[in-house]
Amino acid sequence: MLTNKRILWLVWLLLAVLLSGYLSKQLLVDEQKPDFLIGETTHGHYQIEMQCSVCHLEPFGGAQVLQDACVSCHKEELDIAQDSHPRSKFTDPRNADTLAKLDARLCITCHTEHNKELTHAMGVTVPNDYCFHCHEDIAQERPSHEGMAFETCSSAGCHNYHDNRAIYEDFLVDNALGRWVDMDARLPDSDIVAYMASIGLEVPEAGEGSTSVEHLSVDTQTIEHDWSGSAHSTSNITCSNCHGDAQNWVDKPALETCEDCHADEAKTFLGGKHGMRLAQQLSPMTPRQSVEAHGNLAFKTDSLDSPLGCSTCHDPHSVDVTKAAVSACLTCHDDTHSSSFRSSPHGMLWEEVERGMRDQLNAVSCATCHMPRIEVSTFGVSRILVQHNQNDTLRPNEKMLRPVCMTCHNLPFSIDALADPKLIENNFSGQPSLHIDSVDMSLERAK
Amino acid sequence: MKYSKSMMMATLVTAGAALSACSEAPDMEAAAPTGIEPKVFTDSLFAVMNSDRANYTQLIVQRLGPNVADAIKPDEHWEDMDIGAPLPAQMFRYGSEKVAEQTSDFTYSLQSLWPINKQNAPKTAVETAGLEYIRDNPGQNFYGEEELGGVTYYTAVYPDVAVSPACTSCHNDHVDTPRTDFEIGDVMGGVVIRVPLGM
C-alpha cells in the first residue's frame, strides 16, 4: 500500500515530468517561447518579443549573433543616415583602449534588451555621458564647448550618435538663413506610374481586367461607386487585378497583393511599428498591444482592436489618400499631440484641403511629417516615395529636419521647434520657447 | 615572424610535411619554414596603397572641381551634393573600412601630427614615435611592435607626402587644420599598417 510519502513523491515526479515536457516543447519545438522571456523589451521590439529567433538567430554564438540580427534589420537605415559612428570606425586595433570602456563595435553595448529599468530615450541603456569616452578633450578643439556637460551632447538638439545629416556644422552654416516659413512651399508629388515603369510594370490597358462581380452575393453598388472615382479606376486597376477572377476570388486581398504594384510602400510599412509584426509573420499590430505593453501612447477605445494593414488606412476602393493622411490616423491615435492637430496651424491648412480650397501639396497633414515624401532611386530612376515607416524620422526627431520641416521652414526655426517638448505636444501651435545655439556657434566659428 | 593565419597554416603544413619526410628519409635536411617577413608584407601593401592614393589625387581630384573641369566637385560632404566626389583621405578611409569588413589579418589608417579630424591624431606610443620619425627623417619608414588589447602587432608607419596642390590647399585652408604652411613634398602625415603577430 502506498504511503502518503510515496504518493507525494509520485505527484512530484509526475509534475516534474509534465513541467519538463511543457518547457522542453516550448524551448525546442514552439516558435514562440513566452515562458523564456527574461524581461520586458523596449518600445522598439516589444511587438516581436515572442519571436525570439528574430534577434537570437542562433542559440549559441553570443554577441556576434545578436549583432548580425541588429544589422539584418537596421543596416539599411544606418547606411542611408550616413551613420556617424559605424562599426568600421572602431575595428582598428588602435581603438583597443577605448573599446575596453565602450565597445562601439557592437549595438548591444549601448542598446541591450530585456532591461526596461535601464532603458531611456532612443532605447539607450548606458549612461547619457557616453560621448565622454572618446571626446573628453572636445573643449580643446572647440573652446565654445568648455563647461558643457557630456550628458547634453546628444540631448540638447546639437548632436546625434548615428544620424547627423541635418545638424553637422557646414550644413548649419549653409542653411542658417531664410524665412522662418514659406507659405508657398510645395511638397513633391509622387508618381506611381513612373515608378512602375522603372521596374518594368505597366499600367493595364482599359478593358484588360474584369469588373465582373455577379458571382458575389453582397451589394456592390457602393463599392463600384467608390472605385469608379478612384486612382485605381483611372489606372485601369479593376476588381480582378486585386481580388482575382470569379474562380479564384479573394474577399480581402492581403498585403502581398498591394505589394505587387506598391513594393517600396509595402517594404517601408513593414519596417515600421505599424507593419513590423506582419514582417515577422505575426498577427497584425493592434493599438491594444501598444496600450497593454507600454501604455504611454493614448488610443481611442473603439479602435483598440483594429488590425493594422494597408486597408486600415487606405480604403482599397476609394483609395482616398486625403483621408489616409489625417482622418485615418485620428481614428486610432488619441494622444495630446494628435488630438491637437485639427486646431493647430498645420491642421487649419489641412481643413482647407478637406474643403477643396487648397491643394494638398501645399498643406500639412499627419502623413506630411510622419510619412514624408522622399526621393528614392530604383535602377537609376528617381521617384518620390511616401515613406510608410512612420518611425523612420520619429526618433531622434532631428531626422525630421531635412525631409520634413525644411520643406517649409528654415533650419534654425525647425531645430528650435523640434527641441521644444511643449510645442510638440500642442502640435506646433505657437512659436518655440527654446533656442538651440548650434547654428549661432557654427556661424561664429565660420567667421 | 610570421603574420597571418593563412601563412601560419602554410608554414605548419610545410613543417608537417617536412617532419613527415624526415621520418621517412632521415638523411634529408629539414625544409626551412616559408613565409613573408612582416616588413616585406607591409612594404608591399603600402606600395599599392600609396600608388592608388597618389593616382586618385593627381589623376582625378586635381582635375575636378574648380581646378580644371569645374563639374564634379571633390568635397568633404560629397554625399550631400548632387555631383560630388570623396576627398583623397576619405577615399583612403573607405578602402580601409572595406578591407576591415573582409579580413583582420591587417589594418591600416591615415594619421597625422596635424590632423584635421582630431580622431586621426596618434593614439598609441608607437604611432607617435612613428609619425615623429617620418617627420624628422624624410623618405624613411618606421617599424615597431606594440601590444594592443592583448595582441602583439607589427606596426609600420610610412610617410604620406603632399603630391599635388589639391593636398596642400585643402589642408592649409581647412577651418580645423592645426597647420597652414604645407608645401608640395612635405610629409603631411603617415599611413599606419598593423599586422597581428603570432596569430
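Across its full length, chain A holds 23 helices and two strands. Projected onto the principal axes, the alpha-carbon positions of chain A cover approximately 80 × 80 × 40 Å. Counting the 447 residues in chain A, one finds 22% classified as buried. Sequence-distant contacts in chain A: of pairs separated by 6 or more residues, those separated by 24 or more amount to 58%.

The subject of this paragraph is helix α12 (residues 263-270) of chain A. Residues and elements named next belong to chain A. Of all the positions in α12, only Glu-265, Ala-266, Thr-268 and Phe-269 are classed as buried. End-on view of α12: buried residues confined to an arc of 170°, all on one side of the axis. The secondary structure elements touched by the buried residues of α12 are α11 (255-259) and β2 (381-386).

The next thing to look at is the sheet that holds strand β5 (residues 151-161) of chain B. Within a beta sheet, neighbouring strands are joined by backbone hydrogen bonds and run either parallel or antiparallel to one another. Residues and elements named next belong to chain B. Overall, antiparallel pairing links the four strands, which are arranged β3-β6-β5-β4 in an open sheet. Two strands lie at the open edges of the sheet, namely β3 (107-111) and β4 (142-148), each paired on one side alone. Going from strand to strand, the sheet's axes swing by 25° on average, the running direction of each strand aside. Against the sheet, helix α2 (residues 38-60) engages β3, β4, β5 and β6 (187-196), with an angle of about 135° to β6.

The subject of this paragraph is the nonpolar core. Among the nonpolar cores identified, the biggest contains 32 residues, and Cys-366, Met-400, Leu-401, Ile-415 and Leu-418 of chain A are the most heavily contacted of them. Taken together, the elements giving at least two residues each to this core come down to α16 (321-325), α20 (366-370), β2 and α21 (411-418) of chain A. Those residues in contact with Ile-415 of chain A that lie beyond four places of it in its chain are Gly-157, Leu-401, Ile-436, Ser-438 and Val-439 of chain A. Counting residues in hydrophobic clusters, the runner-up holds 29 residues, among them Ile-134, Leu-148, Tyr-154 and Ala-166 of chain B.

The next subject is the packing of α2 of chain B against helix α3 (residues 88-102) of chain B. Residue and element names in this part refer to chain B. For the pair α2 and α3, interaxial distance at closest approach is 10 Å and the crossing angle is 145°. As α2 runs across α3, the sense of the crossing is right-handed. Contacts from Arg-53, Tyr-56 and Thr-57 in α2 reach Pro-88, Met-91 and Phe-92 in α3.

To continue, consider unusual backbone geometry. Residues and elements named next belong to chain A. Note the cis peptide between Arg-395 and Pro-396, where omega equals -15°. Phi at His-114 is positive, roughly 60°, even though this residue is not glycine. Inspection of the secondary structure assignment puts His-114 in the loop between α3 (96-101) and α4 (132-135). With phi around 60°, Phe-428 is a residue other than glycine that occupies positive phi space. In this fold, Phe-428 is placed in the loop between α22 (421-425) and α23 (438-446).

In this section: the pairing of β4 of chain B. Residues and elements named next belong to chain B. One ladder, built from seven bridges, connects β4 with β5; its direction is antiparallel. Paired with Tyr-143 across the two strands is Ala-156, which belongs to β5. Remark: two residues form the turn of the hairpin made by β4 and β5, two consecutive strands paired antiparallel; Gly-149 in that turn has positive phi of roughly 60°.

On to the interface of chain B and chain A, then. With 17 residues of chain B at the contact, the number on the chain A side is 10 residues. Secondary-structure elements contributing two or more residues to the side of chain B that touches chain A are α3, β3 and β5 of chain B. Among the elements that take part in the side of chain B that touches chain A, α3 of chain B stands out by supplying three residues, more than any other. The class makeup of the residues in the side of chain B that touches chain A is five nonpolar, five polar and seven charged.

Cut-offs applied
Residues numbered from 1 in each chain as written. Chains lettered and ligands numbered in written order. Predicted model: local features only at pLDDT ≥ 70, side-chain atom pairs only at ≥ 80, totals over all residues. Helix = DSSP H or I, 4+ residues; strand = E, 2+ residues; numbered from the N terminus. Buried ≥ 20, exposed ≤ 12 C-beta atoms within 10 Å, placed from the backbone. Contact = placed C-beta atoms within 7 Å. Arc of directions from axis to C-beta. Pairing = 2+ DSSP bridges. Axes fitted to C-alpha atoms, helices over the stretch in contact; angles between N-to-C directions. Core = buried A, V, L, I, M, F, W, Y, C linked by C-beta atoms within 7 Å. Left-handed = near helix turned anticlockwise from the far one by under 90°. Nonpolar A, V, L, I, M, F, W, Y, C, P; charged D, E, K, R; others polar.

On their own, these measurements won't tell you what the molecule is for.
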